[in-house]
Amino acid sequence: QVQLVESGGGVVQPGGSLRLSCVTSENILSFYAMAWYRQAPGKRREMVARIDSGGVINYDYFVNGRFIISRGSTKNTVDLQMNNLKPEDTGDYFCNAEDTLIRSGYWGQGTQVTVSS
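Residues numbered from 1 in each chain as written. Predicted model: local features only at pLDDT ≥ 70, side-chain atom pairs only at ≥ 80, totals over all residues. Heavy atoms only, no water.

1. Remarks on the sheet that holds strand β3 (residues 18–24)
- Strand order in this open sheet of four strands is β1-β3-β8-β7, and the pairing throughout is antiparallel. Looking at strand neighbours, the two that pair on one side only are β1 (4–7) and β7 (67–71), the edges of this open sheet. Taking each pair of neighbouring strands and ignoring which way they run, the sheet shows an average axis angle of 15°.
- Strand direction decides the pairing type here: β1 and β3, joined by four bridges, are antiparallel. Bridge pairing in β3 links E6 to C22. (Pairing = 2+ DSSP bridges. Helix = DSSP H or I, 4+ residues; strand = E, 2+ residues; numbered from the N terminus. Axes fitted to C-alpha atoms, helices over the stretch in contact; angles between N-to-C directions.)

Next up, the structure:
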């Protein structure tokens with residue numbers, strides 16, 4: 001019933017920027033929160049950034065001021081602006097919609113980010 005589609009990934013050099021977008025099948029404010037996760041090769045999936053329906057934002061420690069999560073220009077979109085990218089940021093980035101009733105929430109298929117010189 002709920003669909004999420006990510007876009008904006010690509011290949012950039014260290015220090016470069018990318019803007020990821022997640023488009024959902026409904027208003028993102030209908031979810032408890034929206035979040036971006038990532039999974040690097042050989043590592044567990046980890047949360048990057050999160051914004052709840054009240055606008056409260058959380059970032060993981062490795063972001064260190066480099067990324068910004070925000071509601072998009074449309075009511076069904078959430079964005080992740082990533083600046084000063086590092087090679088360790090390489091991985092698959094996933095959009096997640098938290099639901100108060102469904103424990104795992106809803107997930108997109110991911111978009112690939114590669115940071116390499």
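There is more to say after this.
2. Here's the deal with empty space enclosed by the protein
- Per the counting criterion, the structure on display carries one cavity of 30 Å³ or more.
- The calculated volume of the largest cavity comes to roughly 40 Å³.
- As for the largest cavity, its lining consists of I28, L29, A33, M34, I51, D52, S53 and R71.
- Secondary-structure elements contributing two or more residues to the lining of the largest cavity are β4 (33–39) and β5 (46–52). (1 Å grid on protein atoms, 1.4 Å probe; cavity = no way out; pocket = protein on both sides within 12 Å on 5 of 7 lines; lining within 4 Å. Points joined across faces, edges and corners; volume = space filled by probe spheres on them.)

3. Some thoughts on the environment of T77
- Among the secondary structure elements, T77 is positioned in strand β8 (residues 77–82).
- Classification of T77 as buried rests on a relative accessible area of 8%.
- Spatially, the C-alpha atoms of T77 and K43 are 27 Å apart, while their sequence positions differ by 34 residues.
- For T77, the contacting residues outside a window of four places in its chain are S21, C22, V23, I28, R71 and G72.
- Engagement of the side chain of T77 in a polar contact is seen with the side chain of T74, the distance being 2.6 Å. (Buried < 20%, exposed > 50% of the residue type's maximum accessible area, 1.4 Å probe, protein only. Contact = heavy atoms within 4.5 Å. Polar contact = N/O pair within 3.5 Å; in protein donor to acceptor, adjacent residues only side chain to side chain.)

4. As for the packing of aromatic side chains
- The final tally for this structure, using the stated rule, is three aromatic pairs.
- Centre to centre, the rings of Y61 and F62 are 5.6 Å apart; their planes meet at 80°, and the pair counts as edge-to-face.
- On the basis of relative accessible area, F62 is assigned to the buried category, the value being 14%.
- Over the ring of F62 we find R38, and its NZ or CZ is 3.8 Å from the ring centre.
- Geometry around F94 places R45 over its ring, the cationic atom sitting 3.8 Å from the centre. (Phe/Tyr/Trp six-rings, centres within 6.5 Å; stacked < 30°, edge-to-face > 60°. Lys NZ or Arg CZ within 6 Å of the ring centre and 35° of its normal.)

5. Looking at the side chain of T24
- Within the secondary structure, T24 sits in strand β3.
- There is a polar contact of 2.4 Å between the side chain of T24 and the backbone oxygen of E26.
- The contact partners of T24, leaving out residues within four places of it in the chain, are Q3, L4, F31, M34 and N76.

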